[in-house]
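Commentary on secondary and tertiary structure
Here are the chains, one letter per residue:
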Amino acid sequence: MKIGLEIHVQLPTKTKLFCSCSTEAEKPNSAICPTCLGFPGSKPSLNKNALEYAIKISKMMNCQIADRTWFSRKTYFYPDLAKNFQITQYESPIGKDGHVVVDDKKIRIRRVHIEEDPAKMLHDKYKGQDFSLIDYNRSGIPLVEIVTEPDISSPKEARNFLKNLKLILDYVDVNIEKDGSIRTDANISVDEERVEIKNINGLKNVERALEFEYKRQSKLLKFNMKIVMETRHFDENTGATIESRSKEAEAEYGYIFEPDLPVLRLNEFKLETPETPEQKLKRLIDKFKISEEQIKDVRVIIYHSKRASENFESWGGECMEYGIKVDVVWFKNNLLPLSRVVTGTPTILKKLEDGEISDFTAKKMFKNLIETGKIGEFKEIEKDDSKLLDIVDDFFKENMNAIEDAKQNPKALNFIIGRIMKKTQGKYKSKKVYEIVKNKIDESL
Amino acid sequence: MDIIEKTIKLCRLEMNQDEIEKIKKDVENILDVFSTLSDLQEDEMAFHSVPIENIYRNDEVKKFENVDELLSQTKTLDNYIKGPKVL
Amino acid sequence: MKIQEFMKLDKNVRGEYYPKLVEELKKMNKEYEVFSTINEQTIDQDYSYHYSVKDNICTKGIESKAGSKILEGYKPPFNATVIDKLNEGFMLGKTNMDEFGFGTFSVNSAYGIPKNPFDKNRSCGGSSGGAAAAVSLIKNHVAIGESTGGSISCPASFTGVIGFTPTYGRVSRYGLIDYGNSLDKIGVLARYMDDVEYILKKISGKDAKDPTSMNQNNEEIKEETSKKIAIPKQIIENVDDKIMKEFWNSIAHMEYEIVDIPNLKYAVSSYYVLATAEASTNLARYCGIRYGVGGEDFTKPYNKFFSDVRTNSFGEEAKRRIVLGTYVRMAGYRDQYYYKALQARNTIIKDLKKIFKDFDMIASPTMPIISPRFDEISKLKPIDVYMLDFITIPPNLAGFPHVSLPMAYTPMPVGIQFVADHWKEGKLINIGKEWEMNHEYKFGDLVGGIK
């Protein structure tokens, strides 16, 4: 099975690709101007930020960046196309011949280029609507198109590829949560003939569409029926791919150079190569002297998101300042789930490491830090255990059945420990409390 | 359908037989002259007559001040622009 | 009188003059069909001079139809940049032209065919025919025109006025309804070189809204003397004898040499391939939605909806160029036509630039013939019409600034074309001023005039 993907990603620029209209608009046809509406006499003007995004994405995917690139006109007639041609890149994409590695497999990237998004069309906003309604707010929004070679060999692999792509995009600050911000055309051939599924919205649907199509093609082959080379579209509601009503498959776009735009000499473009997840991983392992066993945990953090890896790096730096070990697992369990940076945790961790506070106290202080932003008072650990023995004795005197319950049910044991921890206000390490309570239970046979 | 007829259709133009015959003759005449371009030695392509390179615009929003004027040029419904149906 | 003199008049004199001028114009226009729209708006401020605009240049709130039925009633919601720059002038009206610029005689106009001031049975040339006629017929007037393959030079030559086409990218094309984006240039038609210079300096300059105008330097256009002239052998071999006689007479006192530029023979093909290829994409947008002539029945399948509007509203020449332009860029043909034409442009630019190393300017008659009669024109085949542009096409294809100056009257006007290197408008201004001192220009002079 061979799968190739053509992915269109909307870039999070403030303005459109060829005009200064905003990319955020609520009311239909409110962020429009003569250029994105294709009015006679209007001219395009290239958004530098969009170009920068495209170059960064190309570099992240290990593409060769073109020395010289230009834009092309792709001409075809459709109501969502303001000029009845789309400005795209044909002969000279910004990036080409790249690759990404997904689960140790190399997926080749044929090309990365930029183009403008067409308008949005509504076909059934009103009952019995027998015309189209067009909203040009979307017309002209910058898209990056990423085309893979047909190196993907299963719908699951496609999903993993897209997960990886999502991370790469995150690492260049391109977020694809918004509906419609990522659309894919998927080409899949189980045997010889290739079927194209056009315009699949979002990432999850790509795997769904491919799964369905794989099953469909396999079934046809099983019954010795012909697979027709065709274009289909994906129905989100039914999860099925459906034959496209013939949109006159004349792929005759008559590409010419776009004469209203400049030629771009990209070797003059000074742009930092953004750090890839793998590069960041290697660098942080080295920087924080991460042990062998903790590498897989760092990988989880790095591959979670750019934000998480940046939080980890700043937190790790803090730990190093305090001279405490960078405990990756602690970060993963406590700070990774947070959506914001929390500074100050290493002071707590240092006290814990030095045995000055109990883990219970540490947890409380940490919770307080997250909620109030302040560290608060350190409740020092009680060094003398004799008092604890008394407290435990008292507890069992008040709760006669507790010992029996604990013997039967390990959960009850945890409950007891929790109660005593609370009562002692974390003055004792939970480990110590466990020791003493367990002894007490074992003793009373 | 020959290539000229295919081209006419591609341009979204309709012509009757007489018009097609006439335009075929005209185009063939003209292309005869154009075909002399093949005699020319290969050279780099000049996209513009003067070099036009690396011109960009900063990513700053500028609202068009006459959006209503744009929409008043055509048929609209609830601020959507009306167009022909697409099956 | 020249613009600078007109500007010195008392503003009340001007204020009274304009409405009278408009009235005279309306009468004249019935006969000569120079304007598709005459500006009848009340004049609420003092305007230093008056000018007209070729109808493919957008004027806010005033119909801009580019000579085409498909833009009937279209009033742009914005001004072309050149219009904003000429805000101290009174815009008299929009001049008639060949549809979208497709033509050499302004006969392909949906709104009236301008008549030659010297002989109403003859063409004004094209595609800026109305602009040239306006300058000849209206006193104290300047016209904004546009050239893709010679559309300023040709009508200037046929009607006996100055037609100045600047370097490609010198004047912003923002608001110019596109014909061939890599070839279109906005320029000036006038009676005096001083007027050309004044207007040219006003409309030139970088405009961020048109990226192709951003390459020029910021220096002002400075007059430069020019002496040495090259005359291409290939050009003069194919011009009417009578015109050549006038040409040799006119340049007798100049320092010139005949040069050989064999690759010029590819210029017409290269130009028409590129121009029609670009035009066919520029005209794709006209389909009955968003602006212009609208489709009525949205329930029609969309391709039929588009075809109906386009078939009914484009003229014959427009359709021919759309078909031609689509053909030459189709897969399978693109290599031998479109890509080849781009290469030819490069070759010709290099060859001409070599000439400019040794010579200040290239000179020849502007057109190979005098303006034909309308009945003669209707007998011409399309390819014959295209070939008549063989003199104006090379500088247009290569983006060199060029000017057509009235050279002689046979009795029909005949022009001489001077071409300079990129950005060397100053040399043309210089030769134009000199030329003017030694030649007596004749104009139609039917309308206007300050006592």
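To be clear, the structure that these remarks concern was listed above.
The following paragraphs examine the structure supplied in this document. (Residues numbered from 1 in each chain as written. Chains lettered and ligands numbered in written order. Predicted model: local features only at pLDDT ≥ 70, side-chain atom pairs only at ≥ 80, totals over all residues. Heavy atoms only, no water.)

1. Digging into the side chain of Glu116(A)
When you line up the elements, Glu116(A) lands in strand S7 (residues 105-116). Among the polar contacts made by the side chain of Glu116(A), one reaches the main-chain amide nitrogen of Ile87(A) at a distance of 2.9 Å. (Helix = DSSP H or I, 4+ residues; strand = E, 2+ residues; numbered from the N terminus. Polar contact = N/O pair within 3.5 Å; in protein donor to acceptor, adjacent residues only side chain to side chain.)

2. Some thoughts on the interface of chain B and chain C
Between chain B and chain C, the contact holds 50 residues from the first and 70 residues from the second. The interface formed by chain B and chain C includes five salt bridges. With a shortest N-O distance of 3.3 Å, Lys22(B) and Glu316(C) are connected by a salt bridge. Secondary-structure elements contributing two or more residues to the side of chain B that touches chain C are helix H1 (3-10), helix H2 (17-34), helix H3 (67-71) and strand S2 (80-83) of chain B. Counting residues per element, the side of chain B that touches chain C draws most heavily on H2(B), which supplies nine residues. (Contact = heavy atoms within 4.5 Å. Salt bridge = Lys/Arg side-chain N within 4 Å of Asp/Glu carboxyl O.)

3. Describing the environment of Val263(A)
Mapped onto the elements of the fold, Val263(A) is located in the loop between strand S15 (256-257) and strand S16 (264-265). The class for Val263(A) is buried, based on a relative accessible area of 5%. Here the alpha-carbon distance between Val263(A) and Leu122(A), two residues 141 residues apart in the chain, equals 36 Å. If we skip the residues at most four places from it in the chain, Val263(A) touches Arg68(A), Thr69(A), Phe257(A), Phe47(B), Ile52(B), Glu53(B) and Asn54(B). (Buried < 20%, exposed > 50% of the residue type's maximum accessible area, 1.4 Å probe, protein only.)

4. Structural notes on helix H10 (residues 302-313) of chain C
All names here are of chain C. The end-to-end C-alpha distance of H10, which contains 12 residues, comes to 17 Å, matching closely the 16 Å that a straight helix rising 1.5 Å per residue would cover. The element H10 is largely enclosed, with a buried count of 10 among its 12 residues. By the burial criterion, the buried members of H10 are Tyr302, Asn303, Phe305, Phe306, Ser307, Asp308, Val309, Arg310, Thr311 and Ser313. Those residues of H10 that are buried are in contact with helix H11 (316-327). (Expected span 1.5 Å × (residues − 1).)

5. Notes on the interface of chain A and chain B
Taken together, the contact pairs 55 residues of chain A with 33 residues of chain B. The junction of chain A with chain B conceals about 4,000 Å² of combined surface from both sides, 59% of it contributed by carbon and sulfur atoms. Area buried by chain A at its contact with chain B is led by Ser20(A), Phe77(A) and Phe131(A), which between them contribute 13% of it. Taken together, the connections running from chain A to chain B amount to one salt bridge. Across the pair Glu53(B) and Arg265(A) runs a salt bridge, and its minimum N-O distance is 3.0 Å. Our count for the contact surface shared by chain A and chain B stands at 24 residue pairs in polar contact (both at pLDDT 80 or more). (Buried area = accessible area lost by both parts, 1.4 Å probe.)

6. A few points about the sheet that holds strand S7 (residues 162-165) of chain C
Residue and element names in this part refer to chain C. Read from one edge to the other, the open sheet built from 11 strands follows the order S1-S3-S2-S6-S8-S7-S12-S13-S11-S9-S10, with strand pairing classed as mixed. The sheet terminates laterally at strand S1 (35-38) and strand S10 (255-259), the two strands that pair on one side only. Averaged over neighbouring strand pairs, the angle between their axes works out to 30° when direction is ignored. Across three bridges, S7 lies against strand S8 (residues 185-190) in antiparallel orientation. By the bridge assignment, Ile162 is partnered in S8 with Ala190. Packed on one face of the sheet, helix H6 (residues 193-203) meets strand S2 (49-54), strand S6 (141-147), S7, S8 and strand S12 (402-409) and runs near 150° to S8. (Pairing = 2+ DSSP bridges. Axes fitted to C-alpha atoms, helices over the stretch in contact; angles between N-to-C directions.)

7. Here's the deal with the nonpolar core
Residues and elements named next belong to chain C. By size, the foremost hydrophobic cluster in this structure holds 192 residues, and its most contacted members are Phe100, Ile138, Ile199 and Phe418. In terms of residue count, the dominant contributor to this core is helix H12 (residues 335-358) (11 residues). Those residues in contact with Ile199 that sit more than four places away from it in its chain are Ile3, Tyr49, Leu86, Val142, Ile144 and Val188. (Core = buried A, V, L, I, M, F, W, Y, C linked by side-chain atoms within 4.5 Å.)

8. Quick look at a positive patch on the surface
On the surface, Lys364(A), Lys379(A), Lys387(A) and Lys427(A) cluster together into a patch of positive charge. Of note, Lys379(A) is situated in the loop between helix H9 (359-372) and helix H10 (386-398). (Patch = residues over 30% accessible without salt bridge, like charges linked within 9 Å, V, L, I, M, F, W, Y side chains within 5 Å. Areas by Shrake-Rupley, 256 points an atom, 1.4 Å probe, with all protein chains shown as cover. Lys, Arg positive; Asp, Glu negative; His and termini not counted. Charge placed at Lys NZ, Arg CZ, Asp CG, Glu CD.)

9. Remarks on a nonpolar patch on the surface
On the surface, a nonpolar cluster with roughly 270 Å² of combined accessible area is contributed by Trp248(C), Tyr256(C) and Ile258(C). With respect to the helices, strands and loops of the structure, Trp248(C) is situated in helix H8 (residues 241-250).

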